[in-house]
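Chain by chain, the residues:
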Amino acid sequence: MTVTSTPTISTTAKPLFGTVLVANRGEIACRVIRTLRALGIRSVAVYSDADAGARHVREADVAVRIGPAAATESYLKIEAIIQACRETGAEAVHPGYGFLSENADFARALEQAGITFIGPGVESLNVMGDKIRSKNHVTGYGVPVVPGIAEPGMSDAQLIEAAAGVGYPLLIKPSAGGGGKGMHVVERPEDLAETLATARRVAASAFGDDTLFLERLVTTPRHIEVQVLADNHGNVIHLGERECSLQRRHQKVIEEAPSPLLEGLPDGAAIRARLGEAACNAARSVNYSGAGTVEFLVSDNAPDEFFFMEMNTRLQVEHPVTEMVTGVDLVEWQVRIAAGEELTVSQDDIVLTGHSVEARVYAEVPEKNFLPSTGRVIVLDEEPGAAGGRVRVDSALLEGLEISANYDPMISKVIAWGEDRTAALNTLDEALAGYTALGIDTNVEYLRLLVNDADVRAGRLDTGLIERKMPEFTFRHAGDFEVAAAAVFAAAMRETDAHDAGEGPWQRRDGWRLGAAAPRRISLGTPDGGIATVEVSGSVGQGTATVSVDGGPRRTASLGSGRRNQAEVTLGGETRLFSLAQVTAGPYGPGPDSPAPTKIFLGNDGWSCRLEVLTREARLARVLAAVEREEGAADPAVRSPMPGTVVSVSVSNGDTVTAGQVLLAVEAMKMEHQLVAPLDGTVHISAGTGDLVKADQVLATIHPAHSPEDSKAEDTVEESVIAMGAAE
């Protein structure tokens, strides 16, 4: 299979652009730069202060700083982008997706500055960029739409009044939105008012427009979209469909082409042709130019019925699966069309070969309600095997890169191709199993659970499947083998340091003594707040080591070398391969003065975890927390789960609150996290709306009314800590 070039590319003498600026960041900026390089076009990257060391900055020919970390002061600042074009001589701008990619004011400003926007015209953006206007518009061109109420400028009261006519359950959608952000399901009339307030706040923050509309929620729907290409000479074609039904919170997680629904139907080809023609009609209705995607809801029970949802007037995150099955480089055609070239690919030239599946890799913790994660990438290996050209990774990651809370948590995409759907899923699973990004939490284990689910394998998909399946998924935790492996690795590193100190016993730092060496006790903090104590006796390097976890049986232990940052750990005759890395209190260098490790990261098979190397004080703190949990004492401090911005405060100082009551909301990585009271009591708020907060920062404190039982619990905690200190 070939996926490297577009078939029958025009050889017109008209030159393409000399310099193109990419007004985006992350993996999409890197992906666009790759095609620009292949076309011989000079690329310009823009970056915020938070992205100064980002991968797209390194890969571009030129990079220009455009502002501070906040997107409103950098990637969304039209004046800064145009100024960067002037400074670098960029003749055109590729917007990627998100940010300014569907902003009509941006396209208009570029036009006025004499700079080409690599995307559709202002008319297309105006109509299709507003979900209300687009729905009303396409109905005049024979495109079916979902029943609902879509009128601009409706107040909450008007929407509540109209909701009865739409029917429940219903979906609140932001008119200016995209990517599933700001969409909310409402099951009951009594929940509508509060949800509308949240939806308006999220829409205003994410898109600068709080206009909302309502749609009937189609049960067991499948999300199927059609890729279109249109030039400025009247040619419009589609490149088949993509199935995007595997979603969480209306955000796509796994996408594939072609749709397994259509592939499994006797008249699937005919339905594909109807979908494609409807998509092309939607594009023709606004004189569309460039690459675009028309999204449809398709009923699983009646697949010959489909409804227009929206048209995305930009490149989609999931565009690689279309490229993999058609061999068409969509970014290349975006550039060529913007430069005035005519499509040389006809509808008859588009043939779907094989099957492709994409998985989005996020920095998040699925087991903790998909809480976004931050951190520094310590070890990175995204393509451990060649896979015969069947795997593609579009990534923003670099070793040493700091993942912040300023932007969307998606960090890369893993795309696989196979001769059929089963082969593609198998290849994707194999690629995810080999994916390594130590130092940050990712959803890779969760993705593997999804692609191996029986319903997913059978193609029984709908947009609610992930929510239904999530309670059934069992996530892996660090067990005895993992903590023992981490301890053996740490011991081996310290042995190396001790050896480098010299031959004399006075220079060694490994507790040397006459006779048998003293066992090393290493206390490791697990991600769930627990403690594992590993005793390592003997020498790992000399092959005489034994280990015991939490006083359990002793097992022989050895450490063998693997690929870079990998080691084969053998315990009691069982061998497993891990990726391993340590973080120290200062810059690490082998030798007697090397700093002690503070964290150990390890992982395999798409799973990874962080183990804290506990000091005496840190161990005591974990013991205290464990005793409090056993006694049923709730932590009265309400902490921010990650760096972000306080977007709302629902209570005032001195208010009486109950356990589970919403106190305030923090926005991070384009998601809003509601923080609730952990117990009944009186609240003290220590942060206000608009405040920037750090991870684990205390934002509110609950003062409970003490009872005799509380005092007894506190006495028990104190006694346990004293006893623990004596034991230490």
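Residues numbered from 1 in each chain as written. Predicted model: local features only at pLDDT ≥ 70, side-chain atom pairs only at ≥ 80, totals over all residues. Heavy atoms only, no water.

## Let's talk about the packing of aromatic side chains
One pass over the full model with this rule turns up 7 aromatic pairs. Centroid distance Phe296 to Phe306: 5.4 Å. Interplanar angle 80°. Geometry classified as edge-to-face. Highlighted residues: Phe296 in strand β13 (residues 290-299) and Phe306 in strand β14 (residues 306-312), separated in sequence by 10 residues. This pair shows no difference in class: Phe296 is buried, exactly as Phe306 is. Relative to Phe473, the ring of Tyr446 has its centre 6.3 Å away and its plane inclined at 70°; by these criteria the two rings are edge-to-face. Taken together, the residues span a long stretch of sequence, with Tyr446 in helix α14 (residues 444-451) and Phe473 in the loop between α16 (465-469) and α17 (480-500) at a distance of 27 residues. By the burial criterion, Tyr446 is buried, and Phe473 matches it. Grouped by ring-pair contacts, the aromatic residues Tyr75, Phe99 and Tyr407 constitute a single cluster. (Phe/Tyr/Trp six-rings, centres within 6.5 Å; stacked < 30°, edge-to-face > 60°. Helix = DSSP H or I, 4+ residues; strand = E, 2+ residues; numbered from the N terminus. Buried < 20%, exposed > 50% of the residue type's maximum accessible area, 1.4 Å probe, protein only.)

## Considering the packing of helix α13 (residues 421-433) against α14
It is at 10 Å that the axes of α13 and α14 come closest, and there the two elements cross at 160°. Classified by the angle their axes make, α13 and α14 are roughly antiparallel. The interaxial crossing formed by α13 with α14 has left-handed handedness. On α14, the residues that touch Leu425, Leu428, Asp429, Leu432 and Ala433 of α13 are Val444, Leu447, Arg448 and Val451. When grouped by side-chain class, the residues that make up the contact of α13 with α14 number 7 nonpolar, no polar and 2 charged. (Axes fitted to C-alpha atoms, helices over the stretch in contact; angles between N-to-C directions. Parallel < 35°, antiparallel > 145°, perpendicular 65-115°, else oblique. Left-handed = near helix turned anticlockwise from the far one by under 90°. Contact = heavy atoms within 4.5 Å. Nonpolar A, V, L, I, M, F, W, Y, C, P; charged D, E, K, R; others polar.)

## Quick look at the nonpolar core
By size, the foremost hydrophobic cluster in this structure holds 43 residues, and its most contacted members are Ile254, Leu397, Ile403, Val414 and Tyr446. Among the secondary structure elements, those contributing two or more residues to this core are β12 (251-257), β15 (355-362), β20 (391-395), β22 (410-418), α13, α14 and α16. In this structure, Val414 is in contact with Val357, Glu358, Ala359, Val361, Val391, Arg392, Val393, Leu428, Ala431, Leu432 and Tyr435, ignoring residues within four places of it in sequence. In this structure, Ile28, Val32, Ala291 and Leu315 belong to the second largest nonpolar core, which totals 32 residues. (Core = buried A, V, L, I, M, F, W, Y, C linked by side-chain atoms within 4.5 Å.)

## Notes on the side chain of Arg622
With respect to the element layout, Arg622 can be found in helix α18 (residues 616-630). No salt bridge forms around the buried Arg622; measuring N to O, its nearest opposite-charge neighbour Glu612 is 5.0 Å away. (Lys, Arg positive; Asp, Glu negative; His and termini not counted. Salt bridge = Lys/Arg side-chain N within 4 Å of Asp/Glu carboxyl O.)

## Considering the pattern of salt bridges
Overall, the coordinates contain 48 salt bridges when judged by the stated rule. Lys413 is the salt-bridge partner of Glu27, the closest N and O atoms lying 3.3 Å from each other. With Glu27 in helix α1 (residues 26-38) and Lys413 in strand β22, this residue pair connects regions lying 386 residues apart in the sequence. The class for Glu27 is buried, based on a relative accessible area of 4%. Each of the salt bridges in this network shares a partner with another, and the network as a whole consists of Glu27, Arg31, Arg34, Glu323, Asp329, Arg392, Asp394 and Lys413.

## Observations regarding the side chain of Ser175
Locating Ser175 in the fold gives a position in the loop between β7 (170-174) and β8 (184-186). What makes Ser175 buried here is its relative accessible area of 0%. Among the polar contacts made by the side chain of Ser175, one reaches the side chain of Asp130 at a distance of 2.6 Å. If we skip the residues at most four places from it in the chain, Ser175 touches Gly129, Asp130, Lys131, Ile132, Thr211, Leu212 and Phe213. (Polar contact = N/O pair within 3.5 Å; in protein donor to acceptor, adjacent residues only side chain to side chain.)

## Some points on the packing of α1 against helix α12 (residues 330-338)
Running from N to C, α1 and α12 point in directions that differ by 65°, and their axes come no closer than 9 Å. Overall, the two elements α1 and α12 adopt an arrangement that is roughly perpendicular. For the pair α1 and α12, the sense of crossing is right-handed. Across from Arg31, Val32, Thr35 and Leu36 in α1, the residues of α12 making contact are Val331, Glu332 and Val335.

## Examining the sheet that holds β8
If you trace the 4 strands from one edge of the open sheet to the other, you get β6-β9-β7-β8, paired in antiparallel fashion. Unpaired on one side and paired on the other, β6 (148-149) and β8 mark the two borders of the sheet. The pairing of β7 with strand β9 (residues 212-216) spans 5 bridges and is classified as antiparallel. The partner of Lys173 across the bridge, within β9, is Phe213. Across the sheet, helix α8 (residues 192-207) is in contact with β7, β8 and β9; its angle to β7 comes to roughly 25°. (Pairing = 2+ DSSP bridges.)

## A short note on the environment of Ala80
With respect to the helices and strands, the residue Ala80 is situated in helix α3 (residues 78-88). Judged by its relative accessible area of 15%, Ala80 is buried. Residues Ala80 and Gly67 lie 13 residues apart in sequence; the distance between their C-alpha atoms is 7.7 Å.

## Points about unusual backbone geometry
Cis geometry marks the peptide bond from Tyr168 to Pro169, where omega comes out at 0°. Structurally, Pro169 can be placed in the loop between α7 (156-166) and β7. Of note, the bond from Ala257 into Pro258 is cis; its omega dihedral lies within 30 degrees of zero at -5°. Relative to the helices and strands, Pro258 resides in the loop between β12 and α9 (260-263). A positive phi angle is found at Asn287, which is not glycine, with a value near 50°. Summarising the element assignment, Asn287 is placed in the loop between α10 (268-284) and β13. Positive phi is not limited to glycine here, since Asn565 has a value of about 60°. By the secondary structure assignment, Asn565 is in the loop between β27 (555-561) and β28 (566-571).

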